[in-house]
Amino acid sequence: MDVIFDMAKKGILITTYCFSCKIHIWPPNHYCNSCFKKCGFRKINRKGILLEKSFSNLSEFVGYYGIGEFSGIRMIGSVDQSILPNDKIRISQVGIKDYKLRLEFTKIKIKRLK
């Protein structure tokens, strides 16, 4: 986890990756859950889709949060009120606070052809 947190402090999101199965592993693990071979590290594609959205009333975390799917893995991040499930999103901010990964998702604006 230290490698992942060190990279997150720099704004880069990585996770463990099985080069044999060609899949990202989350939560991070030293070995692949499918083939049991040793994993390495790889960046996660920052573009994904919002699967779910909810509002948090917890005093530390008041606001909207969503579950996004990126590179085949699902993660929780803060979202704007206007973003809806099935919208294409991007991981716009990566950080660490209180030794916890903090993500922020923004909507990808689709340019329409005229």
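Treat the numbers as computed from the prediction; the structure is a model and nothing was measured.

**Quick look at the pairing of strand 5 (residues 63-70)**
Right, on to step 1. In the sheet, strand 4 (residues 47-56) pairs with strand 5 via seven bridges, with the strands oriented antiparallel. By the bridge assignment for strand 5, glutamate 52 is matched with isoleucine 67.
Right, on to step 2. Count of turn residues in the strand 4/strand 5 antiparallel hairpin: six residues.
Right, on to step 3. The sheet contact formed by strand 5 and strand 6 (residues 73-78) spans six bridges and is antiparallel. Opposite glycine 68, over in strand 6, you have methionine 75 as the bridge partner.
Right, on to step 4. Counted along the chain from strand 5 to the antiparallel partner strand 6, the turn is two residues long, and its residue serine 71 has a positive phi close to 50 degrees.

**Considerations on the packing of aromatic side chains**
Right, on to step 1. Applying the stated criterion across every chain, the model contains four aromatic pairs.
Right, on to step 2. When the ring of phenylalanine 5 is compared with that of tyrosine 99, the centres are 4.5 Å apart and the planes differ by 80 degrees; the resulting orientation is edge-to-face. Here phenylalanine 5, found in helix 1 (residues 2-9), pairs with tyrosine 99, found in the loop between strand 7 (88-97) and strand 8 (100-107); they are 94 residues apart in sequence, far enough to count as distant.
Right, on to step 3. Taking relative accessible area as the criterion, tyrosine 99 reaches 55% and is therefore assigned exposed.
Right, on to step 4. Aromatic side chains phenylalanine 55 and tyrosine 64 sit 5.0 Å apart centroid to centroid with 70 degrees between the ring planes, which places their arrangement in the edge-to-face category.
Right, on to step 5. What makes phenylalanine 55 partly exposed here is its relative accessible area of 40%.
Right, on to step 6. The ring of tyrosine 17 carries the charged tip of arginine 42 above its face, separated from the ring centre by 4.5 Å.

Rules and cut-offs
- Residues numbered from 1 in each chain as written.
- Predicted model: local features only at pLDDT ≥ 70, side-chain atom pairs only at ≥ 80, totals over all residues.
- Heavy atoms only, no water.
- Pairing = 2+ DSSP bridges.
- Helix = DSSP H or I, 4+ residues; strand = E, 2+ residues; numbered from the N terminus.
- Phe/Tyr/Trp six-rings, centres within 6.5 Å; stacked < 30°, edge-to-face > 60°.
- Buried < 20%, exposed > 50% of the residue type's maximum accessible area, 1.4 Å probe, protein only.
- Lys NZ or Arg CZ within 6 Å of the ring centre and 35° of its normal.

Read these as spatial facts, not as claims about activity.
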